[in-house]
Amino acid sequence: MGTLIMKFGGTSVGSAAAICATAQIVQAARPVWPQVVVVASALSGVTDLLLKGAQTAADGDAHTFRSIAQDLRAKHFSVLSDLIKPPEQASVARATVEVYVGEFESLCHAVNVLGEASPRALDAISSLGERLSVQLIAAQLKAIGVAAEPIEASELVVTDGHFQTANPIETLTRAKTRGRLLPLLAKGVTPVVTGFIGATQDGVITTLGRGGSDFSAAILGVALDADEVWIWTDVDGVMTTDPRIDPAAQTLSALTFREISELAYYGAKVLHPKTIRPVVERGIALWIKNTFNPKYPGTQIVRDNGHVTGRPIHGGVKAVAVIRGQTMITVEGRGMLGVPGVAARTFGAVARTHTSVSLISQASSEQSICFTVPDSLTSSVIAAVQEEFRRELADRDIDAVTALEQVVIVTVVGAGMRHTPGISGRVFGALGAERINIIAIAQGSSECSISLIVDQQDADAAVRAIHRLIVNP
Ligand code: ADP
Ligand code: ASP
Ligand code: MG
């Protein structure tokens with residue numbers, strides 16, 4: 001046993017009781033693992049509050065961010081007062097909270113004066129949640145006798161300058177992380193590192209994208225050649241669906257790399273999709289576990305070895321996920337058959353808007369191509385595609401570029417599906433029985449997933465109908 005990275009999500013550190021549970025989990029791991037690194041999210045809801053403060057300030061509102069600052073103080077002080085007993089430690093921690101909340105207020109004030117929140121400013125502001133939380137967690141660890149030190153990942157994770165979805169630069173990150181953390185680990189200290197954030201080579205704070213603390217754990221796992229990465233959250237592991245949509249969801253004991261990748265990519269919030277690849281490629285074991293039920297083993301992510309893992313759930317279908325807030329864009333026209341490179345040009349135009357497409361479906365006649373993008377990007381994507389095909393649209397080779405808003409992508413995942421005929425038929429049958437209209441279909445080339453586009457209104461009913469096939473075959 002060597003190095004273990006444990007990442008705790010927002011609910012795992014969202015209250016004094018949760019931080020105590022987290023600290024106990026870390027304490028229990030210490031005798032077993034010579035080197036333990038903790039990665040932590042902001043207290044639950046804090047990142048949303050920070051971003052709301054920035055957004056309202058940018059919109060000309062000079063009051064909301066001040067009342068949010070009050071809420072942030074109150075929230076962190078109340079957790080602190082329930083946690084730390086030694087008065088000296090408590091006053092140091094309170095002063096630190098005061099500094100960060102003060103920074104939030106001055107950044108929002110600047111945004112308010114400028115009337116604009118740049119991606120760079122949003123990263124500086126949203127980074128504060130994690131910078132606050134690690135102070136509280138490290139203090140609690142020390143209070144129960146675990147040597148710990150809060151560390152800001154801007155000292156470790158070097159990224160490019162894509163604010164809000166920054167990409168780590170592996171070689172630089174490896175050198176910085178090892179330089180900073182190995183001496184602490186050698187002394188038996190547990191670093192408590194902020195998830196979600198990094199910094200450019202010039203030291204400007206960046207963030208890795210919403211939900212990115214999972215990715216932080218993977219980045220540190222790779223940099224430290226860790227043996228295992230454990231993601232602690234508020235459910236028993238990866239489940240057959242989001243238990244908030246269907247409380248009958250069951251925990252899966254194992255999923256393959258490919259299955260979890262598809263599920264995470266298609267909306268299962270339990271794991272950030274970028275977490276998986278770096279960890280699995282290096283053979284680092286990955287587990288999802290429940291902070292509030294630590295005895296439960298959780299879900300293990302395993303390599304694809306050709307075997308179907310886990311319980312023999314119906315026909316190899318393991319789970320169903322949903323991504324909301326999508327628009328389906330269709331490019332169509334009978335003249336398209338004669339126009340070379342329609343697909344390449346369509347997606348070239350989309351790529352120029354820096355939009356990533358979640359799903360593509362093309363009729364075999366090539367008379368239409370449809371794909372989905374997030375709702376907020378619809379108008380820029382349509383404009384780019386129309387511009388690309390200006391001449392074809394004028395000549396009527398392409399009839400129209402149309403948008404169908406407020407749709408969702410429902411994805412059924414399971415490696416065993418490729419060995420089981422008739423899965424699509426059963427899925428369509430289940431939706432038909434609920435009178436849910438399927439707008440478009442795409443099957444992943446790995447045959448490990450099938451995605452369907454349905455109307456937003458039908459989202460939960462569609463997930464539940466498919467989920468019933470999994471849990472009551
Ligand atoms: P954390 O703050 O710990 O990162 P998240 O809220 O990001 O936690 O992710 C955990 C949540 O993901 C669960 O509470 C659950 O509602 C949701 N979720 C969505 N799909 C799944 C799934 N297939 N399995 C488990 N949880 C899921
Ligand atoms: N706190 C960040 C967020 O809410 C990162 C994370 O929790 O993973 O998006
Ligand atoms: Mg998360």
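This text gives an overview of the structure that appears in the document.

1. Here we look at the nonpolar core
One finds M6, F8, F104, L141 and V192 to be the most contacted residues of the largest nonpolar core, which totals 58 residues. Residues within four places of L141 in sequence aside, it is in contact with A23, V26, V146, A148 and V192. Core analysis: the second largest hydrophobic core is formed by 48 residues, I5, L184, L252 and L286 among them.

2. Points about the site of ligand 2
If you check the shell around ligand 2, you find S41, T47, E130, F196, R210, G211, G212 and S213 and nothing else. The contact in question runs from an oxygen atom of ligand 2 to an N or O atom on the side chain of R210, over 2.7 Å. Per-class residue counts for the shell around ligand 2 are 1 nonpolar, 5 polar and 2 charged.

3. Topic: the sheet that holds strand β16 (residues 449-455)
Strand order in this open sheet of 6 strands is β12-β13-β11-β14-β16-β15, and the pairing throughout is antiparallel. Strands with a single pairing partner mark the edges of an open sheet, and in this sheet they are β12 (359-362) and β15 (440-443). Strand-to-strand, the axes of this sheet are offset by a mean angle of 30°, without reference to chain direction. Where strand β14 (residues 400-413) lies against β16, 7 bridges are found, and the strand directions are antiparallel. The residue of β16 that forms the bridge with V407 is D455.

4. A short note on the pattern of salt bridges
In this structure the tally under the stated criterion is 22 salt bridges. A salt bridge links R345 to E388, with the nearest nitrogen and oxygen atoms 2.8 Å apart. Highlighted residues: R345 in helix α11 (residues 342-352) and E388 in helix α12 (residues 378-388), separated in sequence by 43 residues. The partner of R396 in a salt bridge is D399, and the shortest N-O contact between them spans 3.9 Å. R396 sits in the exposed class, given a relative accessible area of 55%. Using a relative accessible area of 33% as the deciding quantity, one classes D399 as partly exposed. Taken together, the salt bridges that share partners define one network made up of R345, R352, E388, R391, E392 and D395.

5. Section: unusual backbone geometry
Comment: phi is negative for the bulk of residues other than glycine, and the bulk of peptide bonds are trans. With a phi angle near 60°, H354 is a residue other than glycine that sits in the positive phi range. Following the sequence through the fold, H354 ends up in the loop between α11 and β12. The phi angle at Q406 is positive, at roughly 55°, despite the residue not being glycine. As for its position among the elements, Q406 is in strand β14. Q406 gets classed as partly exposed once you look at its relative accessible area, which sits at 49%.

6. A few points about the layout of surface pockets
Taken as a whole, the second largest pocket holds about 400 Å³ of empty space. Lining the second largest pocket are 18 residues, with F215, K274, R277, P278 and E281 sitting closest to its centre. Grouping the amino acids of the lining of the second largest pocket by side-chain chemistry returns 10 nonpolar, 2 polar and 6 charged.

The rules we used
- Residues numbered from 1 in each chain as written.
- Chains lettered and ligands numbered in written order.
- Predicted model: local features only at pLDDT ≥ 70, side-chain atom pairs only at ≥ 80, totals over all residues.
- Heavy atoms only, no water.
- Core = buried A, V, L, I, M, F, W, Y, C linked by side-chain atoms within 4.5 Å.
- Buried < 20%, exposed > 50% of the residue type's maximum accessible area, 1.4 Å probe, protein only.
- Contact = heavy atoms within 4.5 Å.
- Near = heavy atom within 4 Å.
- Polar contact = N/O pair within 3.5 Å; in protein donor to acceptor, adjacent residues only side chain to side chain.
- Nonpolar A, V, L, I, M, F, W, Y, C, P; charged D, E, K, R; others polar.
- Pairing = 2+ DSSP bridges.
- Helix = DSSP H or I, 4+ residues; strand = E, 2+ residues; numbered from the N terminus.
- Axes fitted to C-alpha atoms, helices over the stretch in contact; angles between N-to-C directions.
- Salt bridge = Lys/Arg side-chain N within 4 Å of Asp/Glu carboxyl O.
- 1 Å grid on protein atoms, 1.4 Å probe; cavity = no way out; pocket = protein on both sides within 12 Å on 5 of 7 lines; lining within 4 Å.
- Points joined across faces, edges and corners; volume = space filled by probe spheres on them.

These figures capture arrangement, not role.
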